[in-house]
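Here is what each chain is made of, one letter per residue.
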Amino acid sequence: MLSIGQLAERTGVSVETLRAWERRYGVLRPVRSRGGHRRYSAADVERVMWLINRLTSGERIAQAAGSLCLVDEFRRPRLDHGIMSQELVAAARDGDLLKLEADLDRVFASLPITLALDSLVFPALVELGSCWAGGEENVTAEHLLSESVARRLSSRFGALRPVDGDTLLICCADGDNHVLGALAFAVLAATDGWTVAYLAGSTPLPEAARLGTMLAAKALVVVCTMPEPAGVALDYVTRSAPGLPWVFTGPATAAWGEVREGVSVWGPSLDEAREASQTLQSCRRTG
Ligand code: B12
């Protein structure tokens, strides 16, 4: 546990500012020592760092503090065995459209996309998907949830105007129509300044190769959710279309390592794939 001075040292935010944030917005959660002094935990350090991050990206403190309270609200249930994720599952199962939409609005408004997907949405989809595969679930619950998520990701993607940056082509392996991860990755890449040619689901790779060449894409990213189309795609690329900057990523490639049969593999998480794309971006800029 830290004193306020130690918290200030750890985070680089002055004691006065920390006190003001605590008083005005209640963003710190100190406990009292035996002598009655405030003591701050690692979670407080994390909260302050989170706020600094939001302020650096231009947000005002009141707004950032408001979002932080929502993040806390959503993180706590995740630690408690994913209760929030269970609520999404339940709302989708019950066809409770108002709750489903309201919950997803709050999730996407308050959390970074990767956190929203990895901590809440994907676990809910995996649960619905496995119940459906086990014959216990009607497919409508999964469709309701995945469509509501796809709408939100699409509208974010549509709001990001292409910049005059290097081009990343993003598609799903031929035969694979699981687009949510690909769409999320497209949003992240566009946010980072890539010009994104997003082709959505099932794309024949010879055609992706033609477009990628025409656009001089810096990477042709093939997102794979199902293992079989992933294997066929890798086989095609290594046998018939080497030489282009192919990258494989997505759930089906999670166990592949960084390179597979001479082809780059990004991930396994969305954050790691994003980092790999940022590294490529900075290599191109400096190179
Ligand atoms: C939603 C869904 C669908 C939707 C897709 C809607 C859409 N707009 O995308 C629809 C209804 C279209 C669908 C159809 C089918 N589906 Co489906 N589907 C799913 C479900 C529920 C979620 C898929 C998804 O979004 N996965 C992404 C997340 C949830 O997966 P994850 O493993 O947690 O991913 C982790 C990481 O890999 C990473 N990640 C995820 N995405 C990405 C992307 C990138 C770029 C990166 C870097 C990382 C990353 O984040 C996660 C956390 O770390 C899964 C269940 C599951 N277990 O995944 C089944 C699942 C993928 N589907 C399956 C099947 C069988 C089908 C169908 C064949 C069913 C049928 N008989 O028609 C069809 C195939 C259609 C096709 N040709 O593609 C199987 C696949 C089995 C297999 N091993 O091949 C699954 C696993 C269900 C199951 N348990 O059987 N499906």
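My aim in this report is to walk through the structure given alongside it, one point at a time. (Residues numbered from 1 in each chain as written. Predicted model: local features only at pLDDT ≥ 70, side-chain atom pairs only at ≥ 80, totals over all residues. Heavy atoms only, no water.)

### Let's talk about the site of the ligand
Which entries qualify depends on this criterion: Here a residue is considered near a molecule or strand provided that any single heavy atom belonging to it is located within 4 Å of it. Under this definition, polar contacts are N or O atom pairs within 3.5 Å; protein pairs additionally need one hydrogen-donor-capable and one acceptor-capable atom, and for neighbouring residues in sequence, both atoms have to be side-chain atoms. The rule is simple: put a 1 Å grid over the protein atoms alone, call a set of points where a 1.4 Å probe fits but cannot get out a cavity, call an open set with protein on both sides within 12 Å along at least five of seven lines a pocket, and count a residue as lining if it has an atom within 4 Å of a point. A molecule is said to be in a cavity or pocket once over half of its atoms fall within 2 Å of that pocket's grid points. In this description a helix means any DSSP run of H or I spanning at least four residues, a strand means any run of E spanning at least two, and both kinds are numbered starting from the N terminus. Think of it as three bins: nonpolar holds Ala, Val, Leu, Ile, Met, Phe, Trp, Tyr, Cys and Pro, charged holds Asp, Glu, Lys and Arg, and polar takes everything else, Gly as well. These domain limits were set by an automatic method or by a database of domain assignments.
Neighbouring residues of the ligand: 28 residues in total, closest Gly175, Asn177, His178, Val179 and Thr249. Here a nitrogen atom of the ligand and a backbone polar atom of Gly175 are 2.9 Å apart. Val179 is positioned such that a nitrogen or oxygen atom in its backbone is 2.8 Å from an oxygen atom of the ligand. Taking a 2 Å distance to the grid points as the criterion, the majority of the atoms of the ligand fall inside the largest pocket. Contributions of two or more residues to the shell around the ligand are made by helix H7 (113-133), helix H8 (139-159), helix H9 (180-191) and helix H12 (270-286). If one sorts the elements of the shell around the ligand by residue count, H7 sits on top with 7 residues. Partitioning the shell around the ligand into residue classes produces 14 nonpolar, 11 polar and 3 charged. Each of domain 2 (81-156) and domain 3 (161-286) contributes no fewer than three residues to the shell around the ligand.

### Re the coordination of the cobalt atom of the ligand
Using the following cut-off: Each metal's donors comprise the N, O and S atoms found within 2.8 Å of it (within 3.2 Å for Na, K or Ca). Water is not part of the atom list, so some coordination spheres may appear incomplete.
Counting protein donors to the cobalt atom of the ligand gives just one, His178 (NE2), placed at 2.3 Å. Checked against the element boundaries, His178 lands in the loop between strand S3 (167-172) and H9.

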